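Per-entry structural report
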Amino acid sequence: MTNKKDIRILAFESSCDETSTSVVKNGRVVESMIVATQIKSHQRFGGVVPEVASRHHIEVITQITNEALSKANATWQDIDAIAVTYGPGLVGALLIGVSAAKAASMATGIPLIGVDHIMGHIMAAQLKEEIVYPALALQVSGGHTEIVLLKDPTHFEIVGDTRDDAAGEAYDKIGRVLGVNYPAGKTIDEWAHQGQDTFDFPRAMIKEEDYDFSFSGLKSAFINTCHHAEQINQKLNKYDLAASFQAAVIDVLATKTIRAIKQYQPQTFIMGGGVAANHGLRDRMNSEIASLPQNLQPKVILPDLKLCGDNAAMIGAAAYNLYQEGKFADLTLDADPSLELPYASEMLK
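Residues numbered from 1 in each chain as written. Predicted model: local features only at pLDDT ≥ 70, side-chain atom pairs only at ≥ 80, totals over all residues. Heavy atoms only, no water.

Here is the rule: UniProt positions are given in the numbering used here, feature names are shortened, and annotations may be inferred rather than shown by experiment.
The protein chain goes by tRNA N6-adenosine threonylcarbamoyltransferase in an unreviewed UniProt entry, where it is assigned to Lactobacillus helsingborgensis. UniProt, in its Sequence similarities (unreviewed entry) section for the protein chain, records the words "Belongs to the KAE1 / TsaD family." Taken verbatim from the UniProt record of the protein chain, the Catalytic activity (unreviewed entry) comment is "L-threonylcarbamoyladenylate + adenosine(37) in tRNA = N(6)-L-threonylcarbamoyladenosine(37) in tRNA + AMP + H(+)".

1. Here's the deal with the layout of surface pockets
Inclusion rule: A cavity, in this analysis, means grid points on a 1 Å lattice covering only the protein atoms where a 1.4 Å probe fits yet has no way out; a pocket is instead an open set bounded by protein on both sides within 12 Å along at least five of seven lines, and a residue lines either one if it has an atom within 4 Å of a point. Grid points are joined across faces, edges and corners, and a volume is the space filled by probe spheres set on the points. Strands are runs of DSSP state E lasting at least 2 residues, helices are runs of H or I lasting at least 4, and numbering of each runs from the N terminus. Only Asp, Glu, Lys and Arg are considered charged, only Ala, Val, Leu, Ile, Met, Phe, Trp, Tyr, Cys and Pro nonpolar, and every remaining residue, Gly among them, polar. Domain delimitation follows an automatic or database domain assignment.
The computed volume of the largest pocket comes to approximately 1,400 Å³. Per-element tally for the lining of the largest pocket: the top contributor is helix α5 (residues 167–177), with six residues. Across the lining of the largest pocket, the residue classes tally to 14 nonpolar, 19 polar and eleven charged. Counting only domains with at least three residues in the lining of the largest pocket, you end up with domain 1 (8–123 + 307–341) and domain 2 (130–302). In terms of lining residues, the second largest pocket is bounded by 17 residues, among which Y86, M119, T154, L322 and K327 are the most central. Of all the secondary structure elements, the ones that give two or more residues to the lining of the second largest pocket are β5 (112–116) and β8 (155–161). At four residues, β5 tops the list of elements feeding residues into the lining of the second largest pocket. When the residues that make up the lining of the second largest pocket are grouped by side-chain class, the tally is eleven nonpolar, three polar and three charged. Residues from two domains meet in the lining of the second largest pocket; each of domain 1 (8–123 + 307–341) and domain 2 (130–302) gives at least three.

2. Some details on the pairing of strand β6 (residues 135–140)
Worth spelling out the cut-off: For every residue, the accessible area obtained with a 1.4 Å probe (protein chains only) is divided by the maximum for its type, and the residue is called buried under 20%, exposed over 50%, and partly exposed between those limits. What makes two strands pair is DSSP finding at least two bridges between them.
In terms of burial, β6 is a largely internal element, six of the six residues being buried. Side chains A135, A137 and Q139 of β6 all project onto a buried face; the interleaved residues L136, L138 and V140 project onto the opposite face, where all are buried too. Relative to strand β7 (residues 145–152), β6 runs antiparallel, the two sharing six bridges. For L136, the partnering residue across the bridge sits in β7 and is L149. From the end of β6 to the start of β7, which pair antiparallel, there are four residues.

3. Things to note about helix α8 (residues 238–264)
Residue pairs spaced three or four apart in an α-helix point in one direction, given the helix's 3.6 residues per turn. To keep it simple, the criterion reads: Expected helix span is given by 1.5 Å per residue-to-residue step, counting one fewer step than there are residues. We define a polar contact as two N or O atoms separated by no more than 3.5 Å, with the added condition that, inside protein, one atom must be a possible hydrogen donor and the other a possible acceptor, whereas residues neighbouring each other in sequence contribute only through side-chain atom pairs.
With 27 residues, α8 should cover 39 Å at 1.5 Å per step; its first-to-last C-alpha distance of 39 Å lies within 8% of that length. Where burial is concerned, most of α8 is hidden: 20 out of the 27 residues are buried. Capping of α8 at its N-terminal end is provided by N237; its side-chain oxygen lies 2.8 Å from the backbone amide nitrogen of Y239. Once α8 finishes, Q265 follows within two positions and takes phi at roughly 50 degrees, a positive value.

4. Considerations on the UniProt feature "binding site: substrate" (unreviewed entry) in the protein chain
Definition in use: Any two residues having at least one pair of non-hydrogen atoms within 4.5 Å are treated as being in contact.
Mapped onto this structure's residue numbering, the UniProt feature "binding site: substrate" (unreviewed entry) falls at Q139, V140, S141, G142, G143, D172, G185, D189 and N278. Checking the annotated residues one by one, the ones that line the largest pocket turn out to be S141, G142, G143, D172, G185, D189 and N278. Residue position: G142 is located in the loop between β6 and β7. Once you skip the residues sitting within four places of it in the chain, G142 turns out to touch A166, G168 and E169. Accessibility expressed as a relative area gives 27% for G185, which makes it partly exposed.

5. What about helix α10 (residues 312–324)?
Taking 1.5 Å of rise per residue, 13 residues should cover 18 Å, and α10 covers 19 Å from first to last C-alpha, within 8% of that figure. Of all the 13 residues making up α10, eleven are buried; the element is thus mostly covered by neighbouring parts of the structure. Buried within α10 we find A312, A313, M314, I315, G316, A317, A318, A319, Y320, N321 and L322. Where α10 is buried, its residues contact β1 (8–13), β2 (18–25), β3 (29–37), β4 (81–87), β5 and α4 (117–123). At the N-terminal boundary of α10, the capping side chain belongs to N311, with an oxygen 3.0 Å from the backbone nitrogen of A313. Downstream of α10 by a residue or two, G326 has a phi angle that is positive, lying close to 70 degrees.

6. Digging into the domain arrangement of the protein chain
Many structure descriptions define interface size as the accessible area lost when the parts assemble. Cut-off, in case you're wondering: Buried area is understood as the total, over both parts, of accessible area removed when two parts are fitted together, assessed with a 1.4 Å probe. Salt bridges are counted wherever a side-chain nitrogen of Lys or Arg sits within 4 Å of a carboxyl oxygen of Asp or Glu.
Each domain of the protein chain was delimited in the assignment, giving domain 1 (8–123 + 307–341) and domain 2 (130–302). Between the C-alpha centres of domain 1 and domain 2 there is a distance of 27 Å. Contacts between the two partners involve 20 residues from domain 1 and, on the opposite side, 25 residues from domain 2. When domain 1 packs against domain 2, the two sides together hide about 1,800 Å² of surface, and 66% of this comes from carbon and sulfur. Inspection of the domain 1/domain 2 interface yields zero salt bridges. Taken together, the links from domain 1 to domain 2 amount to three residue pairs in polar contact (both at pLDDT 80 or more). Residue assignment for the side of domain 1 that touches domain 2 shows that the elements contributing at least two residues are α1 (39–43), α4 and α10. Element by element, the count of residues in the side of domain 1 that touches domain 2 is highest for α4, at five residues. Here the side of domain 1 that touches domain 2 is composed, by residue class, of ten nonpolar, six polar and four charged.

7. A word on the UniProt feature "binding site: Fe cation" (unreviewed entry) in the protein chain
Cross-referencing UniProt, the feature "binding site: Fe cation" (unreviewed entry) maps to H117, H121 and D310 in the present numbering. The greatest C-alpha distance among the annotated residues, which extend across 194 residues, is 8.7 Å, indicating that they converge on a single site. In the annotated set above, the residues contributing to the lining of the largest pocket are H117, H121 and D310. Mapping H121 onto the fold places it in helix α4.

Shown next, in the form of structure tokens:
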């Protein structure tokens, strides 16, 4: 049993190709986290197949719900709220988690909380250390690349966004050209540390005054370089290709994020999303922030690597903040595949 002052949330995450459940106490303590990955099922297709993802979610969600409760030594009577990702993501995949959470809420009478997937990624940092607000987050994943201002634990605003491909998406696309299985990010990162930036790929929008990104041109330049080499029977060094691509991505991400830190002067800097596990990016951001004047250096929270990918613990962390503000959902909650955080109305601190 749990102390009455403790709040335990059972969270569901099924927005893409990971089915996950977790019990999180007080928004900070992960009492259990189960992740059923589908990577091997999707690798032969070179990416996520939505229908396959949905079917896998259906197969495992009941089992991993029971596992999460068991590993947390909890029963339904110990759970104060049920949280679920309701967007953004693949609509069929989202519906499995939303339906499971709604069914559990209806059967038990436990309150329901709908959580934005991106808010969850950012709140993975809360599972490591206390976040001091205002905070600024660099959210980098396969579907999103955003700079987000956190005014408090539940009010987020996008101040910069990608105009085309997300960074993680670009990694997977150039990975295919190099013969790297999906997801390609980890391998490209490892190869990049063994090569040199010899190709000088474009750093799109790096000098623009806004905080938006574009990685489509970089992806195209990379693919064209490889295709041209094939046509003239020239062998390119895969490690140098990886290093050159990653250097271009990180240069843009770091340059714009540091500019945003100087403008908004947050108390905490956070990274979230699958690409937040990239060692090159983590090292660069730590180095750049350490070189700022002391009065501009925010506290840095980089989530544990296991919490960078999709998981339900981050959803439980974000849900706790919503619980504290009484922001509950009802049984009309539906999947919203195009859900977005609000955009900042004006670029002010």
